[in-house]
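# Observations on the three-dimensional arrangement
Okay, here's what each chain looks like letter by letter:
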Amino acid sequence: MSTEVKAPEGVKLPIYMDNHATTPLDPRVLEAMLPYFGAKFGNAASRNHSFGWEAEEAVEQAREQIAKLIGATAKEIIFTSGATESNNLAIKGVAEMYREKGNHIITCATEHKAVLDTCKRLEKYGYRVTYLPPGKDGLIDLDDLKRAMDDKTILVTIMAANNEIGVLQPIEQIGALCKERGVLFHTDAVQAVGKVPIDVNKINASLLSLSGHKIYGPKGVGALYVRRKNPRVQLTALIDGGGHERGMRSGTLNVPGIVGLGKACEIAMNDMAEESKRLTALRDRLKNKILAELDEIQVNGNMEHHLPGNLNMSFLYVEGESLLMGIHEIAVSSGSACTSATLEPSYVLKALGLGDDVAHSSIRFGIGRFNTEAEIDYVANKMVDVVKKLRELSPLYEMVREGIDLSKIEWQAEGH
Amino acid sequence: MAYSDKVLDHYTHPRNVGTLDKSSTDVGTGLVGAPECGDVMRLQIKVNPATQVIEDAKFKTFGCGSAIASSSLATEWIKGKKVAEALAIRNTDIVKELALPPVKIHCSVLAEDAIRAAIGDWKKKHGAEAPVENTAEVKA
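Reading the values: the criteria
- Residues numbered from 1 in each chain as written.
- Chains lettered and ligands numbered in written order.
- Predicted model: local features only at pLDDT ≥ 70, side-chain atom pairs only at ≥ 80, totals over all residues.
- Heavy atoms only, no water.
- Helix = DSSP H or I, 4+ residues; strand = E, 2+ residues; numbered from the N terminus.
- Expected span 1.5 Å × (residues − 1).
- Bend = angle between axes of the 7 residues up to and from the residue.
- Polar contact = N/O pair within 3.5 Å; in protein donor to acceptor, adjacent residues only side chain to side chain.
- Axes fitted to C-alpha atoms, helices over the stretch in contact; angles between N-to-C directions.
- Left-handed = near helix turned anticlockwise from the far one by under 90°.
- Contact = heavy atoms within 4.5 Å.
- Nonpolar A, V, L, I, M, F, W, Y, C, P; charged D, E, K, R; others polar.
- 1 Å grid on protein atoms, 1.4 Å probe; cavity = no way out; pocket = protein on both sides within 12 Å on 5 of 7 lines; lining within 4 Å.
- Points joined across faces, edges and corners; volume = space filled by probe spheres on them.
- Salt bridge = Lys/Arg side-chain N within 4 Å of Asp/Glu carboxyl O.
- Buried < 20%, exposed > 50% of the residue type's maximum accessible area, 1.4 Å probe, protein only.
- Buried area = accessible area lost by both parts, 1.4 Å probe.
- Pairing = 2+ DSSP bridges.
- Right-handed = clockwise from strand over helix to strand, strands pointing away.
- Parallel < 35°, antiparallel > 145°, perpendicular 65-115°, else oblique.

### Notes on helix α7 (residues 255–293) of chain A
All names here are of chain A. Taking 1.5 Å as the rise per residue, α7 with 39 residues should run 57 Å; its terminal C-alpha atoms sit only 49 Å apart, a clear shortfall. At M272, α7 shows its maximal bend, which comes to roughly 65°. The residue sitting at the N-terminus of α7 and contributing the capping side-chain oxygen is N254; that oxygen lies 3.0 Å from the backbone nitrogen of G257.

### Side note on the packing of helix α2 (residues 50–70) of chain A against α7(A)
Residues and elements named next belong to chain A. Two elements in contact, α2 and α7, have axes whose closest approach is 8 Å; the angle formed by their N-to-C orientations is 35°. Regarding α2 and α7, the two cross each other, and that crossing is left-handed. When α2 is examined against α7, the residues A55, A58, V59, A62, Q65, I66, K68 and L69 are found in contact with a partner set consisting of V255, I258, V259, L261, G262, K263, C265, E266, A268, M269 and M272. Each residue belonging to the contact of α2 with α7 can be placed in one class, and the counts come to 14 nonpolar, 2 polar and 3 charged.

### What about empty space enclosed by the protein?
Summed over the entire model, instances satisfying the criterion amount to 3 cavities of 30 Å³ or more. In this structure, the largest cavity occupies an estimated 100 Å³ of space. In terms of residue class, the lining of the largest cavity is built from 5 nonpolar, 5 polar and 1 charged. Along its surface, the second largest cavity is lined by Y317(A), V318(A), E319(A), S322(A), L390(A), L393(A), T61(B), F62(B), G63(B) and I68(B). Here the lining of the second largest cavity is composed, by residue class, of 6 nonpolar, 3 polar and 1 charged.

### Considering the pattern of salt bridges
Residues and elements named next belong to chain A. By the definition in use, this model includes 35 salt bridges over all chains. As a salt-bridge pair, R28 and D271 come within 3.6 Å of each other at their nearest N and O atoms. Of the two residues, R28 is situated in helix α1 (residues 27–33) and D271 in helix α7; the sequence distance between them amounts to 243 residues. A relative accessible area of 38% places R28 in the partly exposed class.

### Describing the interface of chain A and chain B
On the chain B side, the residues contacting the 32 residues of chain A number 40 residues. Of the roughly 3100 Å² buried between chain A and chain B, counting both surfaces, carbon and sulfur atoms make up 65%. Remark: the boundary between chain A and chain B carries 3 salt bridges. Here K60(B) makes a salt bridge to E398(A), at a shortest N to O gap of 2.8 Å. Summed over the shared surface of chain A and chain B, the result is 11 residue pairs in polar contact (both at pLDDT 80 or more). Of all the secondary-structure elements, those providing two or more residues to the side of chain A that touches chain B are α8 (320–326), α10 (356–360), α11 (373–392) and α12 (395–401) of chain A.

### As for the pairing of strand β3 (residues 104–108) of chain A
For a regular strand, side chains alternate in direction, first toward one face of the sheet and then toward the other. All names here are of chain A. Among the 5 residues in β3, 5 count as buried, and that is most of the element. Residues H104, I106 and C108 line one face of β3 and the alternating positions I105 and T107 line the opposite face, and both faces are buried. Relative to strand β4 (residues 128–132), β3 is paired through 5 bridges, and the arrangement is parallel. Residue pairing across strands places H104 opposite R128, the latter belonging to β4. Crossover β3 to β4 through helix α4 (residues 113–124) is right-handed.

### Notes on the sheet that holds strand β12 (residues 333–334) of chain A
Whether parallel or antiparallel, the strands of a sheet pair through hydrogen bonds between backbone atoms. Residues and elements named next belong to chain A. Within the open sheet, the 4 strands sit side by side as β9-β10-β13-β12. Their pairing is antiparallel. The strands lining the two open edges of the sheet, one partner per strand, are β9 (297–299) and β12. Two strands pair when backbone bridges link them, and strand β10 (residues 310–315) and strand β13 (residues 362–366) are joined in this way by 5 bridges, in the antiparallel orientation. Residue pairing across strands places N310 opposite G366, the latter belonging to β13. Here α7 sits on the sheet in contact with β9, β10 and β13, set at roughly 15° to β10.

### Let's talk about the sheet that holds β4(A)
All names here are of chain A. Overall, mixed pairing links the 7 strands, which are arranged β2-β8-β7-β6-β5-β3-β4 in an open sheet. Of all the strands in the sheet, just β2 (77–80) and β4 have a single pairing partner and so form its edges. Here the strands of the sheet are splayed against their neighbours by 20° on average, with no regard to which way each runs.

### Quick notes on the packing of α7(A) against α11(A)
Residues and elements named next belong to chain A. The N-to-C vectors of α7 and α11 enclose an angle of 25°; their axes lie 9 Å apart at closest approach. Classified by the angle their axes make, α7 and α11 are roughly parallel. Crossing of α7 over α11 shows right-handed handedness. Each of L282, R285, L286, K289, I290 and E293 in α7 lies in contact with α11, whose residues at this interface are E373, I376, D377, V379, A380, M383, V384 and K388. Across the contact of α7 with α11, the residue classes tally to 8 nonpolar, no polar and 6 charged.

### A look at the environment of P170(A)
All names here are of chain A. Summarising the element assignment, P170 is placed in the loop between β5 (153–157) and α6 (171–181). Separated by 30 residues in sequence, P170 and I140 place their C-alpha atoms 7.9 Å apart. If we ignore the near neighbours within four places in the chain, the residues touching P170 are I140 and L142.

Written out as structure tokens, the structure reads:
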């Protein structure tokens with residue numbers, strides 16, 4: 001079932017279309033990093049020789065490049081090992097520093113696990129956490145947020161863009177609300193930075209997490225923006241040691257990684273406007289081609305407030321793992337975790353109110369900088385081909401065609 | 001996950017896909033599994049009333065590649081067999097033939113259930129004692 005659609009000239013298989021998981025390194029980023037794996041090996045904290053100065057200069061240039069992309073100042077950028085650490089540092093660091101002020105944190109049920117599991121740990125230490133449920137379109141309701149705030153609320157942490165369904169949360173309004181109430185606002189902006197314009201002052205962010213490898217930079221490096229004025233945000237460090245990064249994150253700096261992250265931000269800054277137009281066009285092309293050929297498709301997440309390169313679709317009455325099997329030469333993600341021992345489908349899709357059966361049938365396409373129109377056409381044709389064939393095999397699709405209401409059937413699962 | 005060549009072969013070229021007339025007295029239909037579990041199999045048999053031989057078998061499956069392969073294989077095996085012989089097929093035979101990993105054993109169980117459910121439905125139509133407990137039925 002996987003041989004019908006031939007790869008056209010110029011399309012090389014396998015096709016990588018999972019750019020929310022990670023992105024390939026931009027060759028320009030690699031080029032910028034290479035000297036720092038070689039002759040420029042100095043420790044940025046060495047203050048008394050040229051090797052150290054050279055490394056420090058590169059790090060400070062990267063700090064500028066990152067700050068510029070998000071409308072911050074260089075001194076507000078703290079380097080970390082990646083966004084998981086940035087999220088941990090932001091949330092745990094605020095929780096400990098502002099413990100006397102309050103113990104309540106507000107987040108959303110569809111956040112990344114790096115935020116959710118950090119909040120869960122804090123609950124064990126006596127903090128209260130409110131997990132706002134998103135609407136069917138994946139967006140949080142600002143009135144829910146208002147209602148959740150009380151005089152013990154110290155932090156609101158809501159992601160800028162969702163990694164599965166690509167929706168852009170109303171961070172500008174969330175930031176304004178937090179400012180009005182005197183509550184700190186952290187946003188996990190891993191998927192949004194470099195893809196859509198983000199200005200920390202416009203959104204009133206107190207803290208913002210970003211990562212290198214989601215923006216065509218290297219893995220193992222990220223940053224946390226920490227506001228220095230209006231108001232100044234203080235953090236308790238997670239990692240103690242030599243007092244690097246203004247005491248907020250000790251440890252010798254990953255100079256090549258930081259140089260790469262800086263270069264990736266600079267490229268994103270220059271290319272964002274054009275790239276987002278191109279990716280939106282590719283995304284819509286993929287969506288429209290699939291919708292033109294197939295019925296019983298559900299597009300997940302609000303499409304108006306959406307990342308350019310994201311498309312999350314449920315192919316009803318087709319099971320996710322068999323779908324992935326048919327498109328094995330295309331790297332995408334499935335809402336089905338069918339191969340795992342737990343058989344649990346995506347918690348993000350379930351939070352939108354999707355049934356397990358619909359979540360199992362979902363595919364996340366992550367279109368990125370290096371995807372071409374020819375690849376999009378190949379993927380669209382392949383999806384249509386495989387879904388049609390699997391639906392010929394699907395008793396559910398046949399029953400729905402006959403007008404049978406599947407919810408009226410007494411299903412009997414195998415005895416396990 | 002790596003699939004065995006036999007699973008891939010059944011997935012790529014499924015045997016006996018289709019639908020038989022479920023209202024015919026010679027046809028038995030088994031529908032097992034549940035959409036929220038990610039597996040639904042429908043297996044149908046057409047039995048020669050004189051010889052008790054399963055002359056035709058068809059399936060449709062919503063499920064992973066192993067579930068598709070298990071039901072495809074089941075139809076292949078029961079075609080041409082007498083009803084009593086078909087009932088002797090065990091899920092472990094399917095596991096062995098398709099080299100299913102432990103996490104996919106439930107697919108073979110479902111295929112065995114589907115064979116039994118189809119035969120049960122057919123027997124019911126002929127007034128015989130029928131083990132119908134595995135058959136899902138449309139309410140009202």
